[in-house]
Amino acid sequence: MNETVSKIMDELDQFSLHFAFAYAEPNDRGEDILVFTCRELPHREFIYVPGKKGMTLGWDTKQCPLAPAILEEFRRYWQEEAHWKVNEILEDIASYQERLAGELSHKERGEWEQALRWAQEALEEEKEKVQPWEDYLQELLAELDANTSPLRTADIPPMLVERWAWNTPETVEPPFGLPTEDEWEYLCSGGVHTLFPWGDTLELEPIYNEELDNDVKNAFGLVIGYCCRAERVSGSRWLLKGDDGGCFLCGGEGDRAAFAYSPYFQYGLPRYPGETDEELEEEMSKRWCRRILRLPPLET
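Note that the structure is predicted; figures quoted are calculated from it, not measured.

Participant: Looking at this structure, how should I read the overall build of the chain?
Facilitator: Of regular secondary structure, the chain possesses nine helices and ten strands. Its C-alpha radius of gyration of 26 Å places the chain more than 25% over the 19 Å reference for a compact globule of 300 residues. Seen through its C-alpha atoms, the chain measures out along the principal axes to roughly 95 × 50 × 35 Å. Among the 300 residues that make up the chain, the fraction classed as buried is 44%. In the form shown here, the chain has an accessible surface area of approximately 16,200 Å², with 49% of it arising from carbon and sulfur atoms.

Participant: How should I be thinking about a negative patch on the surface in this particular structure?
Facilitator: A cluster of acidic residues, E121, E124, E125 and E128, forms a negative patch at the surface. Along the chain, E124 turns up in helix α4 (residues 106-129). Given a relative accessible area of 44%, E124 falls into the partly exposed group.

Participant: Looking at this model, I keep getting lost on unusual backbone geometry. Mind explaining?
Facilitator: Most peptide bonds are trans, and most residues other than glycine sit at a negative phi. The step from P174 to P175 runs through a cis peptide bond, and the omega angle for that step is 10 degrees. Topologically, P175 is positioned in the loop between β6 (159-162) and α6 (181-189). Positive phi values are uncommon outside glycine, yet E210 reaches one of about 55 degrees. Position of E210 among the secondary structure elements: in the loop between α7 (204-208) and β7 (231-232). Accessibility expressed as a relative area gives 61% for E210, which makes it exposed.

Participant: Is there a simple way to think about helix α5 (residues 133-146) in this case?
Facilitator: Quick reminder: α-helices carry 3.6 residues per turn. Residues three or four places apart thus point the same way. Helix length check: α5 (14 residues) gives 20 Å between terminal C-alpha atoms against 20 Å at 1.5 Å per residue, within 8%. Residues of α5 that are buried include every one of W133, Y136, L137, L140 and L144, and no others. The arc enclosing the buried residues of α5, seen along the axis, measures out at 95 degrees, which places them on a common side. Turned more than 90 degrees off the buried face of α5, the exposed positions are E134, Q138 and A146. In this structure, the buried residues of α5 make contact with α2 (68-82).

Participant: Looking at this structure, how should I read the packing of α2 against α5?
Facilitator: Relative placement of two packed helices is described by the angle separating their axes and the distance separating the axes. The interhelical angle for the contact between α2 and α5, taken along N-to-C directions, is 120 degrees, at an axis separation of 11 Å. Classified by the angle between their axes, α2 and α5 sit oblique to one another. α5 is crossed by α2, and the crossing has right-handed handedness. Here L71, F74, R75, Y77 and W78 of α2 come into contact with α5, specifically with W133, Y136, L137 and L140.

Participant: I'm lost on the pattern of salt bridges in this one. Help?
Facilitator: Side chains that differ in charge, positive against negative, can pair when their charged atoms come close. Throughout the structure, instances matching the rule amount to 24 salt bridges. With its nearest N and O atoms 3.7 Å apart, the salt bridge here joins K217 to E25. Of this pair, K217 sits in the loop between α7 and β7 while E25 sits in strand β1 (residues 19-26), placing them 192 residues apart in sequence. Judged by relative accessible area, which is 11%, E25 ranks as buried.

Participant: Just to check I follow, could you spell out the sheet that holds β7 for this structure?
Facilitator: Sheets are built from strands that pair by backbone hydrogen bonding, the pairs being arranged parallel or antiparallel. In spatial order, the strands read β7-β8-β9; together these three strands make up an open sheet with antiparallel pairing. Lying at the two open borders of the sheet, with one neighbouring strand each, are β7 and β9 (267-268).

Rules used in this analysis
Residues numbered from 1 in each chain as written. Predicted model: local features only at pLDDT ≥ 70, side-chain atom pairs only at ≥ 80, totals over all residues. Heavy atoms only, no water. Helix = DSSP H or I, 4+ residues; strand = E, 2+ residues; numbered from the N terminus. Rg over C-alpha atoms; globule rule 2.2 N^0.38 Å. Buried < 20%, exposed > 50% of the residue type's maximum accessible area, 1.4 Å probe, protein only. Areas by Shrake-Rupley, 256 points an atom, 1.4 Å probe, with all protein chains shown as cover. Patch = residues over 30% accessible without salt bridge, like charges linked within 9 Å, V, L, I, M, F, W, Y side chains within 5 Å. Salt bridge = Lys/Arg side-chain N within 4 Å of Asp/Glu carboxyl O. Lys, Arg positive; Asp, Glu negative; His and termini not counted. Charge placed at Lys NZ, Arg CZ, Asp CG, Glu CD. Expected span 1.5 Å × (residues − 1). Arc of directions from axis to C-beta. Contact = heavy atoms within 4.5 Å. Axes fitted to C-alpha atoms, helices over the stretch in contact; angles between N-to-C directions. Parallel < 35°, antiparallel > 145°, perpendicular 65-115°, else oblique. Left-handed = near helix turned anticlockwise from the far one by under 90°. Pairing = 2+ DSSP bridges.

Okay, structure coming up:
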């Protein structure tokens, strides 16, 4: 590790900034995360992120089938949502049948029998409305493809990266820059190509209830913010990463809310009628930024 730190410090000497190695911390892959400080930005921590050639980025459901655990969670959600009205009527029917099994007057029995007939008719109507699993899944996959960047490979350089993004009135000054979309997806994913940064699993309930830890560190030691901190990237004027603007959650789409947690999710800042470029740029300036410092590959 000392040799790696020395090589990184040698590369950092080329910049008109004063960096220092602070400490190392382990990640859950048994790797050392190297943390640096910068005198000119005293309240920031910078993480060394090694580069990777031919990194797979983006998503295509035809070439990247959903992992069994993710598929099963979507199926569970469909089962609950598609059948909630059916299950509600079934509960009513059970209640009516329980009433009819007891002692009732002639009038009361007639009323409960009528209620039971109406419920049974409503049950058949609701069953016909239930969307088949295959149709639900096809729509889900089509929407996932429409909201994620295309499947591709990219060469990612080594970088020094701010651990946390920020949205204070600062500007990103050279030699720092914003990550490109390729670089941001790599940073968010922790260098592993899975639909979600935590791996091939999914729990929807903490997502649509907004209960995930927004300050958890990923495999690179970076805090991405889990869907609540839309970050700017370079190379596109209005593109944001790591957020959906609350669109899916506000629309009540609990399953689709998971999309925004994928490193490959693309979100464009919405433009309202009559809104000028200047007004849109002002809105963009409120979004989060993350400084990166690109480095050449370390000599081995």
